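Notes for the structure review
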Amino acid sequence: MQLVLNQDLPPRTELFDWQSHDSGSNWIEDPAWDGKSCHACAFRRCLTVGTRTKIRFHLSADQRYTLYLDGKRIGFGPERGDDYNWFYQTHELTLSAGEHRLVAVVWWTSAEQGLSHLGHFAHRPSLFVKAEGKMENELTTGKAVWQVMTLNGIHFSPPVARAYCGVGGRTDVDAAELQRNFAEGDDAAGDWKAAKKGSGAFLRAHMTNCFIPEKQLRHSTLPPMYEKIISAGKVRHAQKLETADDINELAFVSENDNAEIGRTFQQMLAGRGIAVLPANSTIRLLVDVGNYVCAWPLLTVSKGAKAYVRMDWAEALYNETKRSDKGNRDEIEGKYFFGMGDSLTCDGSENLTFEPFWWEAGRYLRILVQTGDEALEINSLKLRETHYPHQFESSFECDDSRWDHVMTISKRVLEMCSHESYFDCPYYEQLMYVGDTRLEVLTTYATTRDDRLPRKAITLFDESRDQTGLTRSRTPSIDIQIIPPFSMWWVMMVHDHAYWQNDLEFVKQRMGGVRAVLEKFRTGIREDGLLYGLQGWNFTDWVPTWTPGGIPPDGHCGANGTLNLQFAWVLRAAAELEDLLGEKELAARNRRTADSIAAAAKKYFWVASRKLFADNTAKTQFSEHAQCMAVLGGSVPKGVDMAPSLLEAPDLDRATIYFSHYLFETFRKLRKPEAIYDRLTLWFDHEKLGLMTTVEAPEPTRSDCHAWGAHPMFHAYATFAGIRPAAAGFSKVLITPQLGPLKKIKCSMVHPSGGTIELNIAKDKNGILHGTVSVPESVQASLVLSPEEPPYLWNGGQCKF
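Read on for a plain summary of the structure. What you are looking at is a predicted structure, and each value in this text was computed from that prediction instead of being measured.

**Overview of the sheet that holds strand β6 (residues 72-77)**
Spatially, six strands are ordered β6-β5-β8-β3-β10-β13 in an open sheet, and the strand pairing comes out antiparallel. Across the chains shown, the open sheet's two edge strands, defined by having one partner strand only, are β6 and β13 (193-194). Bridge analysis of strand β10 (residues 147-150) against β13 gives two bridges, and the strand direction is antiparallel. Bridge pairing in β13 places Gln 147 opposite Ala 194.

Below is the structure:
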C-alpha cells in the first residue's frame, strides 16, 4: 500500500546540526553505467522474516522506478518534481514469514543523447530507499546490501512526431539479450552484483547549514495514480504487406483488408484464443482503442524467434501525407497513420511479456509485425490505463443535449492531462504550463473536492521563480522558459485558490512569490506610464495573425494594450489578496499602480470613436483580448458600454480556444450568455468530428487532447448556472444564472465545506426564472436573477424563487 504523508521524516536531532540535511542514507547506482548513456537496471534486496511483519519504507529514483515484491508490481514513481522538490513515495507492506525479494527497476534517459523527457529531471541512474524501525539497516540504501543487474537489450529511440515534441526516448527491447524474470529478483535471472554507494541523500526539510545543490527529497503530496487494465479495443484494419518500407505512405483502404487476420486478432483482444501470424510475413494492423487513453500496452507473445513487433500510437489519422488535415477522427478509409511508440524483437520463448517503461497516449494503435522463419503467437494485448484519480462529484444537466458530449470530453481531457502534474497535452509534451494549468485548476475546483493537484501546481510554479522573480512558464522542465504573461496568470491562480478553497494559510505562503512577480513587472513601466514587454516569450494566444509565436502586436519589447490591461487586472486581484491578509498598505499600492497603468492605457490605446482599446500605440490593430482585459480588470472608461463594439467590430483579432475562457468571462460580466453560446459551436462540433477530448486550437490542430479546452465545463457551473464564491474560502456564494438560449438547468456543484450547492432552475414562456437553490449550512448566499431585481439573501439551506 502506498501512503501519502502530511510531513517529512523527522530530523535526527532537534538541535542545530551541521549535517542535519543528511537522511542517513545514500543513493545507490549500477557500477556498469558508463556515465552518459541511457540506462536500465534492476536493484534487488533479499529479505527473510521469521514472522508476519509490517514494514514501512520511503523510495525514490533518478529518473523513474517500478517496484516489485516477489514479482508483483506494487508501485511506480517517483512523483514528478524538480531538483528542489524531488519526491519520495512511502510504501507500507505486510510480509509473511519466509523469504522475499524487493526489486526496483530503474530507468534513465540521457540528455546528452537527445533522449531525455523534458519533464523528467536527471543526473544519474540511481535509487534511494529509507526504511523505518527494525528494517532501517535491512533496507536503507547505503546501509543494507543491495544488488544490481544491468538490463541488457533495452534501447531508447527518439519520438518521431510532426510537431514540437518533448516526451523523451521510447522503449525498444531485444528479448534475446534481455534477462528473463528480473522483476522477480531470481538468482537465475542474471549476474547480480553489489550496488555502488553513491552520494548522500538529502532531505529538504532538514537543511539548516547548507542547501546542497543535489536532489532535495521531500514527501509525496499526491495519491497513487489511477491504474486499470482495459481492453486494447477494436481491430479496424488488418493487412498483409509485401514490405514495410514507407509504411507511413500506405493509406488504409478497405479493399486491402485481410478479414481472417483481423478476425483472429480481434478474438485475441477479446481474450478468446491467440492470434497466430504466419512465418516470413509482414502484417499491419490498426486498433481503435475506442477512446483517448494514456496507457502502457501489455503484450504477451510466444515463439516467433527474431520476429519484430512495433506498436505506434496516434491521436488520429490524416487525410494526406503532409500531416495537416485530420478530418473526422472516427474515419480511417483512405487515411494515413503517423505516430510514435515502442518495439519488441522476439526471442522465440514462451509467454514473453513486453511493457514499455513509459506510457503512451492516443486513440489509434498501429501494430507492425515482421516474422522470420517461425510463426509468431500473440497471446494477449491489454492496456494499463493511467491518469490522476479525479473523482468528479459535480453534475450538470440542461435541455440542450449537445452539452452531454461537451461535458464528457471535458472530463476526459482533464483526466488525460492530469497525472503527477497537470499537462498541456499527453501526446506531444506532457508539460505543465501556467496558462493551461490555471484553466485546468478552475475546472478542477468546480467539479471535484480534491485540491492536492492544484496545490502542487501552485507551489511548484512559485518555487520555479528565477532571479528576476518571474515563474517559469512550465515546470517541472529541464530547460528554462519564461512567458511573462503566464507569471501574471500564476498570480491569478493564487487568487483563485483564495476564493474557491478554504485555506488562507496556503495563500499566505505564496504571497512572497506574488509580490516578486509584481515587482518585476513594475520594472517594465517606463516614463510614459506604460508597461513594456519583459524579456522572454510574451505569448498571449495562438492568434494566426500574431506572428511569430502568439505574441500580440508590439508585445515582444514594446507596449501592448492587452498586456497593459492584463497587468492592471492582476494588480487589482493582488490587492484583494493583500486585503485578505491585512496588508492594507500593499493593497493600496497595488491599486495605485493599477490605476496608473489603466490611465496610461486609456491615453495610448483607447479609441473613443470605436469604444475599443487598440493593441498598439498606433491604434491600428485591435483584438478581443484587449477588450476582455479591460472589462475584467475594471479599466473601461466610465459610462462606456463595451458590449456592442466587442460583439460587432469586424476587425478584431479573435480569441482561440485557450483565451476563449477570458472571452466567456467577459461576456458573463456583460451579461451576454448568447454570445458565449455562439462561440461554443467549436465545442459542439467536436462530436461531429469524432473527437473524444478537446483540441489545442481550431483546425488544423496539432494536439487532439489539450485540457485548456476543458473550460466550458467550468463555465457550465460558474457562468450558465452562475455559481461562484463571493468571499474568501467560498464562505459566501453569489449565484447569478445566465441561461441564454437554455430553458432549464439542474446542477449540483461541490463546495469546500464538504457539502454541495444545488440549483434547479427553469425559464417560463415569459422568460421569467423559477426554481430552487440550496447551499451548505453556514454559507451566506445571494441569488441575483437580473440586475433590475433585488437579490434573494439567506444563510444556509434552500431558497425557492
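**As for the nonpolar core**
Formed by 130 residues in total, the largest nonpolar core has its most connected members in Trp 403, Trp 489, Trp 490 and Ile 745. The dominant element in this core, judged by the number of residues it contributes, is helix α6 (residues 484-500), at eleven residues. The residues touching Ile 745, leaving out its near neighbours within four places in the chain, are Phe 396, Glu 397, Cys 398, Phe 720, Ala 721, Leu 739, Leu 759, Asn 760 and Ile 761.

**Looking at the packing of aromatic side chains**
This model, assessed by the stated rule, comprises 38 aromatic pairs. Relative to Trp 358, the ring of Trp 107 has its centre 6.3 Å away and its plane inclined at 55°; by these criteria the two rings are tilted. Of this pair, Trp 107 sits in strand β8 (residues 98-108) while Trp 358 sits in the loop between β22 (352-354) and β23 (360-370), placing them 251 residues apart in sequence. Looking at Trp 107, the relative accessible area reads 3%, which means it is buried. The class for Trp 358 is buried, based on a relative accessible area of 5%. Ring centres 6.1 Å apart and planes at 70° place the aromatic pair Tyr 318 and Phe 338 in the edge-to-face group.

**Overview of the pattern of salt bridges**
Under the definition given, this model contains 50 salt bridges. Where Arg 45 meets Glu 138, a salt bridge forms, and the shortest distance between an N and an O atom there is 3.3 Å. One end of the pair, Arg 45, is in strand β3 (residues 39-49); the other, Glu 138, is in helix α1 (residues 136-139), and 93 residues separate them in sequence. Arg 45 sits in the buried class, given a relative accessible area of 13%. When its relative accessible area of 35% is taken as the criterion, Glu 138 is described as partly exposed. With a closest N to O distance of 2.6 Å, Glu 429 and Arg 702 form a salt bridge. With Glu 429 in the loop between α3 (402-416) and α4 (434-447) and Arg 702 in the loop between α14 (681-684) and α15 (711-720), this residue pair connects regions lying 273 residues apart in the sequence.

**What about the pairing of strand β5 (residues 64-69)?**
Burial runs high along β5: six of the six residues are buried. Side-chain alternation along β5 places Arg 64, Thr 66 and Tyr 68 on one buried face and Tyr 65, Leu 67 and Leu 69 on a second face that is also buried. Both β5 and β8 contribute to a ladder of six bridges, which runs antiparallel. Each residue of the ladder has a partner; that of Leu 69, found in β8, is Leu 102. Note that β5 and β6 share five bridges and pair antiparallel. Paired with Thr 66 across the bridge in β6 is Phe 76.

**Concerning helix α5 (residues 452-463)**
With twelve residues, α5 extends 16 Å from end C-alpha to end C-alpha; this agrees with the ideal 16 Å at 1.5 Å per step. Of all twelve residues making up α5, nine are buried, and the element is well covered by its neighbours. Along α5, the residues classified as buried are Leu 453, Pro 454, Lys 456, Ala 457, Ile 458, Thr 459, Leu 460, Phe 461 and Asp 462.

Reading the values: rules and limits
- Sequence order as written defines residue numbering, which begins from 1 separately in each chain.
- Side-chain atom pairs in this predicted model are given and counted only at pLDDT of 80 or more, local residue features only at pLDDT of at least 70, and totals for whole chains, interfaces and linings cover all residues.
- Only hydrogens and water are set aside; all other atoms, that is, all heavy atoms of the structure, feed into the side-chain values.
- Strands are labelled as partners when DSSP assigns at least two bridges between them.
- A run of DSSP states H or I qualifies as a helix once it reaches four residues; a run of E qualifies as a strand once it reaches two. Both are numbered from the N-terminal end.
- Nonpolar cores were defined as sets of buried Ala, Val, Leu, Ile, Met, Phe, Trp, Tyr and Cys residues, with membership established by side-chain atoms within 4.5 Å.
- Categorising residues by exposure relies on relative accessible area from a 1.4 Å probe, with only protein chains included: less than 20% of the type maximum marks a residue as buried, more than 50% marks it as exposed, and the intermediate range marks it as partly exposed.
- Residue contacts are defined here by distance: any two heavy atoms, one from each residue, within 4.5 Å place the two residues in contact.
- Ring pairs are drawn from Phe, Tyr and Trp, using the six-membered ring of Trp, whenever the two centres fall within 6.5 Å, and their geometry is named by plane angle: stacked under 30 degrees, edge-to-face over 60, tilted for the rest.
- We count a salt bridge whenever a side-chain nitrogen from Lys or Arg sits within 4 Å of a carboxyl oxygen from Asp or Glu.
- Under the convention used throughout, the expected extent of a helix is 1.5 Å for every residue step, that is, one less than its residue count.

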